[in-house]
Amino acid sequence: MPGLDPIETASGDELAALQLARLRRSLAHAYAHVPHYRAAFDAAGIHPDELRDLSDLRRFPLTTKQHLRDAYPLGLLAVPRAQVQRLHASSGTTGTATVIAHTAHDVRIWSELMARSIHAAGGRPGMLVHVAYGYGLFTGGLGAHYGAERLGCAVVPASGGMTPRQVQLIRDLRPDILMATPSYALVILDEMRAQGIDPRATGLRFGIFGAEPWTSGMRAELEAGFALDATDIYGLSEMMGPGVACECVESKDGPHIWEDHFYPEIIDPVSGLPLPDGSFGELVFTTLSREAMPLIRYRTRDLTRLLPGTARTMRRMERITGRSDDMIVLRGVNLFPSQVEQLVLADARLAPQYLIELHRRGRLDAMTLHVEPRDTLQDTAACAADLAHRIKATIGISVAIDIADPGSIERSGGKARRVIDRRREMP
Ligand code: DLL
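The text that follows walks through the structure, step by step, so that each part is easy to find.

Structural notes on the site of the ligand
Close contacts around the ligand come from 21 residues, with Asp232, Ile233, Ser237, Asp302 and Lys415 the closest. Asp302 is positioned such that a nitrogen or oxygen atom in its side chain is 2.6 Å from an oxygen atom of the ligand. Between the ligand and Lys415, the relevant distance is 2.8 Å, taken from an oxygen atom to a side-chain nitrogen or oxygen of the residue. For the ligand, whose unbound accessible area comes to 610 Å², protein coverage reaches 92%. Among the secondary structure elements, those contributing two or more residues to the shell around the ligand are helix H5 (139–151), strand S7 (229–236) and strand S8 (241–246). Taken together, the residues of the shell around the ligand sort by class into nine nonpolar, six polar and six charged.

Encoded structure:
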């Protein structure tokens, strides 16, 4: 699969015509084979045949995570069970688990879109890819693996965790590409330094990082640390997994959405009404080609805006600031962990690690921010006071800063946990 897929650089009209044809098919498929969609479309008084234009999509009802939970495990399946080739599931730590099914065709499209993503990020046939996304029910590992193979790369299926072994593999095999969550890539970076290995001399050229929010400060940290080009890859299990959108290495200006397979909209998260491109709101996707589980107007809860295409025809999404469910409300101020991250990473005295702890002090909510020094700190109190001041000035909240011992903030092999909320714990 060398070079670009012609649709990546097709005209806007060509893309829209393909989207309209696929959207019609996807709506009809959902209506014909999934009782939930038949009932929901009927209740809204809309039929797939009434879609004349892409803008008619807004007349169809939204789908939420709760619909997936209510249909657990396979109530939204649109094909006979015998046609299912793969099942992935969310862990269910924040509620009932959800299961997503894929046909052989779905897995093939996923592999192609991941190959397209890795290519956009700089990957080429013949390169070696170290995959440190978790393999298993999480879609990161297998999604990256199939895509890299499809592109014609060789894969080291390292999965997450056992960091000393990851470092040994990278040192000895000299992969061209590292695929990991940005927080886990940092863990690998630290381990290399701890072992006395120069992370800039491993031969890594490209990093394809995603699955969790990360900031431009984190990109600078990873690029300088490993001497590679880092791009942002986005996806969610409900749509397929990684590879719904990916940044192009030549522009690094936000992930291009592979709109020939996922039709994006932005809605007002409160009213549910569609917003014009460029407005900030909740990202909603309709699958255009999925067979096993088409999802119509699925609310991702991710907050971003749609931007015009640059390196490709397809629209971009702005780097995700956070999910509506990650928003912290502290004494009436709304904030996202990524805003804190940006400020921590802007301070050269601090390591790029942080943990936000929320608790109650008397009757008031309070926040403690745990950070670590990069090297030995001369004046801990001054550094803490500076950070508290910058947070107050930028975000508008007072926080207590704890400059913890290096290495004491919990590291994860996958998605980092940035917030511990103890506000509802008994005193
Ligand atoms: O995280 C799929 C994935 C794997 C994407 C590997 C990229 C790389 P889920 O576990 O279902 O799937 O989680 C999806 O993770 O709705 C976002 O909130 C968040 N997320 C994923 N990619 C990004 C990103 C995978 N690049 C949820 N930036 C999504 C910010 C991201 N958040």
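Quick look at the packing of aromatic side chains
On inspection of all chains with the given rule, the structure shows six aromatic pairs. Geometrically, the ring pair formed by Tyr37 and Phe41 is tilted, given 5.7 Å between the ring centres and 55 degrees between the ring planes. Within this pair, Tyr37 and its partner Phe41 are both found in helix H2 (residues 35–44), separated by four residues, close to a single helical turn. A single burial state applies to Tyr37 and to Phe41, both of which are buried. Aromatic side chains Phe209 and Trp214 sit 5.8 Å apart centroid to centroid with 80 degrees between the ring planes, which places their arrangement in the edge-to-face category.

Considerations on the pairing of strand S12 (residues 281–287)
Of all seven residues that make up S12, seven are buried, and the element is covered over most of its length. Note: strand S10 (residues 262–267) against S12, six bridges, orientation antiparallel. What sits directly across from Phe262, in S12, is Thr287. Pairing of S12 with strand S13 (residues 298–304) involves four bridges; the strand directions are antiparallel. Looking at S13, one finds that Glu282 is bridged to Leu303.

Some words on the nonpolar core
Ranked by internal contacts, the top residues of the largest apolar core, which has 74 residues, are Met179, Tyr234 and Phe285. Top contributing element to this core by residue count: helix H4 (residues 104–120), with seven residues. If we skip the residues at most four places from it in the chain, Tyr234 touches Pro242, Gly243, Val244, Ala245, Leu283, Phe285, Thr300, Asp302, Met317 and Ile320.

Focus on H4
Its 17 residues give H4 an end-to-end C-alpha distance of 24 Å, which sits within 8% of 24 Å, the value for a rise of 1.5 Å per residue. Taken from the residues just after H4, Gly122 is the one with a positive phi, measuring 115 degrees.

Considerations on the pattern of salt bridges
If the charged atoms of two oppositely charged side chains come close together, the side chains can form a pair. Taken as a whole, this structure holds 34 salt bridges when the rule is applied. As a salt-bridge pair, Arg374 and Glu221 come within 3.0 Å of each other at their nearest N and O atoms. Here Glu221 lies in helix H8 (residues 216–226) and Arg374 lies in the loop between strand S20 (364–373) and helix H10 (380–394), a separation of 153 residues in the sequence.

Here is what the cut-offs are and how they apply
- Residues numbered from 1 in each chain as written.
- Predicted model: local features only at pLDDT ≥ 70, side-chain atom pairs only at ≥ 80, totals over all residues.
- Heavy atoms only, no water.
- Near = heavy atom within 4 Å.
- Polar contact = N/O pair within 3.5 Å; in protein donor to acceptor, adjacent residues only side chain to side chain.
- Areas by Shrake-Rupley, 256 points an atom, 1.4 Å probe, with all protein chains shown as cover.
- Helix = DSSP H or I, 4+ residues; strand = E, 2+ residues; numbered from the N terminus.
- Nonpolar A, V, L, I, M, F, W, Y, C, P; charged D, E, K, R; others polar.
- Phe/Tyr/Trp six-rings, centres within 6.5 Å; stacked < 30°, edge-to-face > 60°.
- Buried < 20%, exposed > 50% of the residue type's maximum accessible area, 1.4 Å probe, protein only.
- Pairing = 2+ DSSP bridges.
- Core = buried A, V, L, I, M, F, W, Y, C linked by side-chain atoms within 4.5 Å.
- Contact = heavy atoms within 4.5 Å.
- Expected span 1.5 Å × (residues − 1).
- Salt bridge = Lys/Arg side-chain N within 4 Å of Asp/Glu carboxyl O.

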